[in-house]
Structure formats: C-alpha cells, structure tokens
Amino acid sequence: MIHCTMKKVFLTLFAAFIAASSYACTSFLVGKKATTDGSTFISYNADDYGMYGHLIYLPHAKHPKGAMRKIIDGDSNRYLGEIPEVPETYAVQGYINEYQVAVMESTFGGRPELVDPKGVLDYVSLMRIALQRAKTAREAISVMTGLVEKYGYASSGESFSIADKNELWLMEMVGKGPNEKGALWVAVRIPDDCIAAHANQSRIHKFLQYDKKNVIYAKDVISYARKHGYFTGKDADFSFANAFSPADFGAVRFCDARAWSFFNRFVDGMDKYLDYVDGMHIGKAEPFPLYFKPKRLLSRQDIMDGMRDHYEGTPFDVQKDCGMSPGEMPYRPTPLEFTYNGKKYFNERPISTQQTADTYIAQIRGWFPDAVGGILWYGSDDPNMISYTPIYCRNTSVPECFDAPGADGCTFSWKSAFWVCNWVSNMTYPRYNHLFPVVKEVRDGLDKDLSAKQPEVEAKAVGLYKTNPAEAVRYLTDYSAERGAKMLTAWKALGERLIVEFNDMAVKPRKDGQYLRTKEGLPARVQRVGYPDSYRKVIVDQTGDKYLLPAQ
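Residue positions are given per chain, counted from 1 along the sequence in the order it is written. Only residues with pLDDT of at least 70 get local features here, since the model is predicted, and only at 80 or more are side-chain atom pairs given and counted; chain-wide, interface and lining totals rely on the full set of residues. Only hydrogens and water are set aside when side-chain values are computed; all heavy atoms of the structure are taken into account.

**Details of the side chain of Asp211**
Step number 1: Going along the chain from the N terminus, every DSSP run of H or I of four or more residues is numbered as a helix, and every run of E of two or more is numbered as a strand. Tracing the chain through its elements places Asp211 in the loop between strand S14 (195-198) and strand S15 (215-217).
Step number 2: No salt bridge is formed by the buried Asp211, whose closest oppositely charged neighbour, Lys213, lies at an N-O distance of 7.5 Å.
Step number 3: Engagement of the side chain of Asp211 in a polar contact is seen with the side chain of Asn214, the distance being 3.1 Å. Working definition: with a 1.4 Å probe on protein chains only, accessible area under 20% of the residue-type maximum means buried, over 50% means exposed, and in between means partly exposed. A positive count includes Lys and Arg, and a negative count includes Asp and Glu. His and the chain ends are not counted in either. By convention in these notes, a salt bridge is any Lys or Arg side-chain nitrogen within 4 Å of a carboxyl oxygen on Asp or Glu. Each polar contact in these results corresponds to two N or O atoms within 3.5 Å; when the atoms are within protein, one needs to be able to donate a hydrogen and the other to accept it, and residues that are neighboring in sequence are counted only if both atoms are side-chain atoms.

As structure tokens, then:
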C-alpha cells in the first residue's frame, strides 16, 4: 500500500515536472543531398529557464578493466547509479564526437506512467555515452537501446537526432514504467535528400515495419501498446506518437507548430497543415509527415536562420498584436499560459526563445578528415542574439568563454559568453525595435567574417593533416579559441555601445560609426523616439481622449 502510494506521488510530481518543462528544445535534421555543399546538419536549441549554457568537453580516454561509470542525471544532477566502463572512449565536444557522430534531442514527455523511477540511464547520459562509444549513427542507436534494455531508462519520452558521415536518423524512446526494465523505441532513417524536425512532441506516427534497412524498432513496441490499451488496431496502422504521446493542444500548438515553421521555410504547401498545427482540431486534422524534400538546397546560413525563427510571416507571427510590447519584440514573457478574469489564455512559443541556454548546429562532412570535417557551431544564449562559433570535433579543449572558470547559473563573469551574451540580449528584448538592428549588424558581421575565412582555414588544416595530424588539431583548437575570444570581445563592445547609444530610452545620433557632437564637443541632442505607431494606437484605443491635447 505504501509502495503504491509513493508510486502515485512520484508519477504525479513527474507529470507536473513534464508539464512545466517539456515545451523546451527544438532540433532540425538536414540530409547531405538536401544541402548546398553536401554537409549533413542536425541542430539543437537547449531551452530551459535557469540552465547555464556552457560547452562540455570529454577527452579521448582509456579505462582499466573493472572501471565503473557513475551516472548523474543531466537535468537534475541526481545520482542514478553506475554501469561498467568500456576499455576506450572517444572525445566529445558538446554533442559531436571525434568521428563526426552527433546526437541531439528534444523532450516530448509522453505518458507519465511510462517513466521508470528505478531506471539508471537518463537521456543526457545516453547521448554522451553513445558519443563516447560509437563511430556511426547506427552504432549510437545500438549503444543507447542496449544500455536502457540492460539498466533501465530513467527519463520521459525523447526524440533524438542522430547523424554520421553517411546516415541521418530520428529515434524516439519512452520507458516501460516502474514495473518493467527497458524502453520502447523506433528509429527511422531520414532520406539523404530530405529534411526533418522535432520540437517536444513525438513525430513518428506510422512507420514501415518491413523496411529493416531504414527502420529499426524495439521488438515489443506494438505488443506493449496493445497490452496496456494504448493501441487496438492492425499492426500496419500503429502510430508510435498516438500510442505513447497522444496529442493535446500544447503538444501541437507549442511544439509541433515549431517543426511546421521550419518546414514552412523550405517546403511548398505547408498551409494545408495549418488546421493541425493550430491545436484546435485534435483528432480531426492530419499531422504533417516526418520528413519532406525541400524545394531548394539548404545552406548553413539557412539552418542558422531557421534556429532564429519567430513565426515571421505566418498566422502565428508574434509581432502582430500588442503582446509584442512597445518594443515590438518577437518574444512573449512566460509562462505560456496565463489567466485573466477567470479565463485561460496562451502565448505563442516560437523556435527562437529567450530561455535558450545554448544552441548547437552539428555540421558533418565526410569528404574531409574527421578533424576538419566535423564542426559544432555553438553559441551561449538565444540563437537570434548570438554569433555561432566553430568548434572542430577533434579539438583538444573548448574556448575559455564557453566554459569560464568560476561562472555558473548564479555567478556572473565577464569571461563567460553565456553571461555577456545574456547581458546584451536582456538589454535588447524590451527595446527590440531600436536595439536589435545594432545586434543583428554585429552578429551578421561576425558570421560573414567567419564564412569568408573558413575556406582558407580549412585548406591549411587539411594540408597540415596530411603531414602532421596532431599539428592540424592544434591549429584548429587555437582557431576555435581565437574565434570564441573575438566573439566575446565583440559582444562586450556591443553591450557598451547599446548602453551609450540607447541610454534612458532615447537614441544618441551616430554617423560613420561615431557619435555626433556639438562644435563645443558635447554630445549632440538625443532623439526621443517614444512609442512606435503600433503602440500609440493601443494607448489611444484604450484611453480614448484622456491624453488628447486641447486645441490651441
């Protein structure tokens, strides 16, 4: 009786946790024949209030026989247990390893009763261990599924983007609850000429169960759903999403709509899925497919722009009503839901959001040596407010600004990219219409400078690699450190400019990069810009003639 009561309490608390945190991350997948240069991409906005964004580096290592690995939950920092270590583990930069294997994720939660409180492997640990042990995407899938089968899965439902030099996969996983060890999962290979996305809602519906080359799944995924009453139809009609993560308004409007918005940039005809992604037609409108062939090839810049998306130009555009505030910002304060006069309302949840801790884009290029081919484009904070820095997959350290000594979620440091970038973005949000053009100018300038230098840097690295691979790795490690430092310096200068130029809700005039001064040397008169027309209308509509000036 006590055990059952405790189990109910746990599940209730876990359901509350999922409700609070599941509308978090966004991930894109782009096949190598869907890109302008043959690169494979997967991306990841890690969105979670209170999380400190920093870059993890795990060096290549050898382990003695009998060594054990402690498993610490990647979200809660809670000790979960131990598993045997393998003799050799590979180096990992964030979520890409030295063999150009990358794994990223978004949490969809799913049925709370499927969480196993005794499970040893949480989703973050699974990702990192897979990267430390796998040289291919299929091997990463095998590592992850094998571990949870043996030691139990400790997290709720997850979607994983998994890529290597040859293949691109989307795998989804849920647990079996507190009474059964293991997990239920399906992995689908994304065609090389297609794009896919997931954003905190299960995206795998029906799958080709007979296509053993491109679809892998747990042998009991359908029988388990039948046994527990989650599915009653023919095997061919089985939907992983419907069985283990049935959609509600939030799962569609807050989550699937983000995946739709990515597709909408590159796929014609996405309007026909608006009835689904508005969240108002659950069970009536058809979900959009798992992947699409884009209308044109995508570049790295397209992926970055997609990560910065705020539903611009769609029915969900957040800059079309007074909720954008006087600063006309494409952001809404959280929580997503709020109550007024006894009625419940909601805010839109775009891809780019203020609570992003850090953002990742893995670029995989099989025609280069691994040390040059694999790049993790990284930034701390909202992707719209940062310039991505290239971190090569065999670098032997991370730039100091991305793992600043002494800095954390409660400790500010001028050496921390997370805190400097957040300093700039939090000045920008309230006066977005005035400040963001300056941020964008600096951001895009750094991006353009990087793109111009990249071919020369990589040509030199390839040349070095042919004669001295270690020297090539040192060169690229130093280059990443230099780019990180350059970004941090530029962002500090950007913050200084913002506080000077936009002080006290006015604008100091500039010309040719210099502030204007009077002939006596004093600062020129500031421009008092006031409210934009969009908000002047809101004020007049709400107050009528209260502030109308009398006729002179």
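**Points about a nonpolar patch on the surface**
Step number 1: Excluding any residue in a salt bridge, patches collect residues exceeding 30% relative accessible area, merging like charges within 9 Å and nonpolar Val, Leu, Ile, Met, Phe, Trp and Tyr side chains within 5 Å. Using a 1.4 Å probe, the Shrake-Rupley method yields the accessible areas, and only the shown protein chains count as cover for residues. Taken together, the side chains of Phe338, Tyr340 and Tyr345 make up a nonpolar region of the molecular surface, amounting to roughly 330 Å² of accessible area.
Step number 2: With respect to the helices and strands, Tyr345 occurs in strand S18 (residues 343-346).

**Quick notes on helix H3 (residues 137-151)**
Since the α-helix advances by 3.6 residues per turn, residues separated by three or four positions end up pointing in the same direction.
Step number 1: Under the convention used throughout, the expected extent of a helix is 1.5 Å for every residue step, that is, one less than its residue count. Between its first and last C-alpha atoms H3 spans 21 Å; for 15 residues at 1.5 Å apiece the expected length is 21 Å, and the two agree.
Step number 2: Where H3 is concerned, the buried positions are Ala137, Ala140, Ile141, Val143, Met144, Thr145, Leu147, Val148 and Tyr151.
Step number 3: Here the buried face of H3 lies against strand S6 (79-84), helix H2 (123-133), strand S11 (157-163), strand S12 (168-175) and strand S13 (183-189).
Step number 4: The opening residue of H3 is Thr136, an N-cap whose side-chain oxygen sits 3.0 Å from the backbone nitrogen of Glu139. A contact between two residues is defined here by any heavy atoms of the two lying within 4.5 Å.

**Quick word on the state of the cysteines**
Step number 1: Any two cysteine sulfur atoms lying within 2.5 Å of each other are counted as a disulfide. Applying the stated criterion across every chain, the model contains 0 disulfides.
Step number 2: With no disulfide of its own, Cys421 lies closest to Cys401 among cysteine sulfurs, the gap being 8.0 Å.
Step number 3: Overall, the relative accessible area of 1% leaves Cys421 in the buried class.

**Section: the pairing of strand S19 (residues 356-364)**
Step number 1: S19 sits mainly inside the fold: 9 of its 9 residues count as buried.
Step number 2: Any two strands with at least two DSSP-identified bridges between them are counted as paired. Relative to S19, strand S2 (residues 40-47) runs antiparallel, the two sharing 8 bridges. Residue Thr40 lies in a different strand from S19, and its bridge partner there is Ile364.
Step number 3: Here S19 runs beside strand S20 (residues 375-380); their pairing, made up of 6 bridges, is antiparallel. Counterpart to Ile361 in the pairing with S20 is Trp377.

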